[in-house]
Amino acid sequence: MRNLHDLGYFERQMLIDRVGRAIAKAPGWQVETNSNILESTNPRLRSYANLASVVIEEIEAYTAEIGEEENDSIN
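Notes on the structure in this doc start here.

The rules behind the values
Residues numbered from 1 in each chain as written. Predicted model: local features only at pLDDT ≥ 70, side-chain atom pairs only at ≥ 80, totals over all residues. Heavy atoms only, no water. Helix = DSSP H or I, 4+ residues; strand = E, 2+ residues; numbered from the N terminus. Buried < 20%, exposed > 50% of the residue type's maximum accessible area, 1.4 Å probe, protein only. Contact = heavy atoms within 4.5 Å. Areas by Shrake-Rupley, 256 points an atom, 1.4 Å probe, with all protein chains shown as cover. Salt bridge = Lys/Arg side-chain N within 4 Å of Asp/Glu carboxyl O. Phe/Tyr/Trp six-rings, centres within 6.5 Å; stacked < 30°, edge-to-face > 60°.

To continue, consider the overall build of the protein chain. Tallying secondary structure elements over the protein chain gives 2 helices and 0 strands in all. When the 75 residues of the protein chain are sorted by exposure, 21% land in the buried category. Expressed as a percentage of contacts within the protein chain between residues at least 6 apart in sequence, the contacts between residues at least 24 apart total 42%. As presented, the protein chain carries roughly 5,800 Å² of accessible surface, and 52% of it is formed by carbon and sulfur atoms.

Written out as structure tokens, the structure reads:
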């Protein structure tokens, strides 16, 4: 499994799009499979993309903290 911190720009954008779609589908929204919610003009879809970005940033921060704790406990 690749580390979130090792994702390239386009991989990160694809992850944000995927998580944003999952957030949109949770309350029952239908999202076109061909569209990219990061480029959507729909304000609700844009908000889902922004939420996805925040979620991924929080996960990255959490995994970085855990990694630092593990390194501290090893030393």
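There is more to say after this.
Next up on the list: the pattern of salt bridges. What the rule picks out here adds up to 2 salt bridges. Here Asp-17 and Arg-21 are joined by a salt bridge, their closest N and O atoms 2.7 Å apart. Residue Asp-17 and its partner Arg-21 are both found in helix H1 (residues 9-25); the two are separated by 4 residues, about one turn of the helix. You'll find Asp-17 and Arg-21 in the same group, each marked buried.

Turning our attention to the packing of aromatic side chains. A full pass over the atoms with the stated rule returns 2 aromatic pairs. Centre to centre, the rings of Trp-29 and Tyr-48 are 6.3 Å apart; their planes meet at 80°, and the pair counts as edge-to-face. With a gap of 19 residues between them, Trp-29 in the loop between H1 and helix H2 (43-74) and Tyr-48 in helix H2 connect regions that are remote in the sequence. Judged by relative accessible area, which is 26%, Trp-29 ranks as partly exposed.

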